[in-house]
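Listed below, chain by chain, are the residues.
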Amino acid sequence: MSDIIQLLPDHVANQIAAGEVVQRPASVVKELLENAIDAQATHIKLIIKEAGKTLIQVIDNGSGMSVTDARLSFERHATSKIKAAEDLFELNTKGFRGEALASIAAIAHVELKTKQEEDEVGTEINIEGSEVISQEVCVTPKGTSISVKNLFYNIPARRNFLKSNAVELRHIIDEFHRVTMAHHSIKFDMYHNGSEIFNLPISNCRQRIVNIFGGKTNEKLVPVKEETDLVTINGFIGKPEYAKRTRGEQFFFVNNRYIKSGYLNHAVNAAFEGLLKDKAHPSYFVYLTVDPKSIDINIHPTKTEIKFEDEHALYAMLRASIKHSLGQFNVAPVLDFNRDASMDTPYEYKSKTAQTPTIEVDRNFNPFKEEKVSGSGGGSFSGKSHTSFKKESAGDWENLYVGLESEMTTTKPTENDFSSVEFESAEVTGSLFESDEKKVGHHTTYQLRKKYIVTTIKSGMVIVNQHRAHQRILYEELLRNITMASAVSQQLLFPLTLSFTKKEIELLTTVKEQLENTGFVFGELSPGEVEITGIPSVTSEKEVAQLLEQLISDLEEEVPDSGFSQTDLLARSISKSIAVRAGVELASEQQQYMVNSLFACTEPTITPNNKQTFITLTVDEIDKKF
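Just so you know, these numbers come straight off a predicted model, no measurement behind them.

Undergrad: Summarise the overall build of the chain; cite the residues concerned and give the values.
TA: Along its length, the chain carries 18 helices and 22 strands. Evaluated residue by residue, the chain yields a buried proportion of 41% over its 626 residues. Contacts in the chain between residues far apart in sequence, at least 24 positions, make up 67% of those at least 6 positions apart. Just so you have it, the chain exposes about 37,900 Å², and 51% of that area is on carbon and sulfur atoms.

Set out below in structure tokens:
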């Protein structure tokens, strides 16, 4: 039998590696931004066209590359970051595999321009599908400019699986957030289709977070700081009252590298235990600094997973430091019932020394000196002339009517002559209510445990889950409003202003038209804020913020693309948010309306999420119970 094992050509191996390294345009953005940071750039510019499908360009003012380095950078496992295996345990750079540029060049058209400060001219290289098309001298400023065009042009299956531009742009913005928050000492700019999305100047850590997520974020942040031999913890956590239904504002950084860790996330949630509402997630921006020897980054090509040497100690320290911050800034309640919070020493006065208070004494004060009181009495308070303050004893109640007759005789008869007053007849000639043959209090529906509605049918009885039933009724009503006619809207006397991040506003913009058909009326959509002047008649003003948060969460998780699925998701999300909950008492008319409306639906048996809305018990089944 002939030999069947053979070495793959480099361009095939690069395409296979690209499947791990480059999953979507956001992966390219991450790799290029990290390369610019490793080149000690102080200003990085990201330019995107059509959510990265047409162009991804990163321009930096870093150290640049020589002619040889520029050519070698596109070879597999060629890197300037490490030289030996031992260097893997002393990593202070973002990249070290030497795979990113080779993988990107295998599936796109790449143009590289680079120049070092001491060189007079730079180098320009053009590559298409791992094949070098040209390499020549060019005039370019110090640093590197790399353009990636027509991503996945030679892998049509991967290109067809990319989501819509709005979805891919959201993933790019996510990666941009993660890189920029870890490096607040670098200036970042981002442009999409010619318009500026972000302009982040050099700032401190708190200001960078505020610049990304909007001005209202500043009041939500509580600082966290802890320094031990094992780890240094810095950063911020969000106050419990600002917790969201989405996990969008949860960031861990280890040695300025963004990571995902369910274990550390559990430590943060444990610190917030008892402070959050149901299904609410706290915001946190936590920066951990550890010894590079105690972590292993070389687990996955995306480098977002890290193995720690002592995870349990890290968990305990993170949980304790966040609990300390919540208590220190009076965010969390302290279980000491004898303590008066107003008597606490403010935190900033903790290390200050006490000062002797200054006492002023009026030496001419005489407590026994009598003072004259002007008035009809003419006496002093020390004497007995208190006649003006004497309380008169109240007379008998009959005295109220003394002299009434004499007064009536002296006054005009038209004023107080009660004989001329006409009184209403005591006889009731007509019936105030129409006579009704129905017995008062006769109900056809009953509410059980404020959760179920029980009603009778010919074959037995029906038990309806009120929350699920209302969900189905609202879902079909909203679908009709969105697709066929506009819903009734109630105008707000004072417009409601809600703060959202740029990414969340992008999401709301994609479904703005459908939201308006459900009854929402939007005012200004400024960066970071949404003004609402009208809401659907079925919702209340206090439910709007929660409703929109839930909607954003659903949109992020399900990521719909087609028009119908987006409309369906919108109707499902809103109906779930505003449907009447278990524990709400319903009047008999409301119960009857809900039962009638449910069975008038096109699909009354299940909710939009395919859960059962009611069950039936026949007379035979009830008889068997006895």
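Undergrad: Explain the packing of helix H12 (residues 466-483) against helix H17 (residues 588-599) to me, using residue names and the numbers behind them.
TA: Look at H12 against H17: their axes get within 9 Å of each other, and the N-to-C directions meet at 50 degrees. It follows from the interaxial angle that H12 and H17 lie oblique. Considering only the axes of H12 and H17, their crossing is left-handed. Residues Gln466, Ala469, His470, Arg472 and Ile473 of H12 touch H17, and the partners they reach there are Met594, Ser597 and Leu598. Partitioned by chemical class, the residues of the contact of H12 with H17 number four nonpolar, three polar and one charged.

Undergrad: Quick one: what's the story with the packing of aromatic side chains, residue by residue and with numbers?
TA: Enumeration according to the criterion identifies 13 aromatic pairs in this entry. Pairing Phe253 with Tyr287 gives two aromatic rings, centres 4.8 Å apart and planes at 15 degrees, and the pair type is stacked. Of this pair, Phe253 sits in strand E11 (residues 250-254) while Tyr287 sits in strand E13 (residues 284-289), and the two are 34 residues apart along the sequence. The pair Phe253 / Tyr287 is uniform in exposure class, with both members buried.

Undergrad: I'd like a description of the sheet that holds strand E19 (residues 489-499), backed by residues and values.
TA: Taken together, the three strands give an open sheet; going across it, the order is E19-E21-E20, and neighbouring strands pair in antiparallel fashion. Of all the strands in the sheet, just E19 and strand E20 (521-522) have a single pairing partner and so form its edges. Note that E20 and strand E21 (residues 529-536) share two bridges and pair antiparallel. Within the sheet, the bridge partner assigned to Phe522 lies in E21 and is Ile532.

Rules used in this analysis
Residues numbered from 1 in each chain as written. Predicted model: local features only at pLDDT ≥ 70, side-chain atom pairs only at ≥ 80, totals over all residues. Heavy atoms only, no water. Helix = DSSP H or I, 4+ residues; strand = E, 2+ residues; numbered from the N terminus. Buried < 20%, exposed > 50% of the residue type's maximum accessible area, 1.4 Å probe, protein only. Contact = heavy atoms within 4.5 Å. Areas by Shrake-Rupley, 256 points an atom, 1.4 Å probe, with all protein chains shown as cover. Axes fitted to C-alpha atoms, helices over the stretch in contact; angles between N-to-C directions. Parallel < 35°, antiparallel > 145°, perpendicular 65-115°, else oblique. Left-handed = near helix turned anticlockwise from the far one by under 90°. Nonpolar A, V, L, I, M, F, W, Y, C, P; charged D, E, K, R; others polar. Phe/Tyr/Trp six-rings, centres within 6.5 Å; stacked < 30°, edge-to-face > 60°. Pairing = 2+ DSSP bridges.

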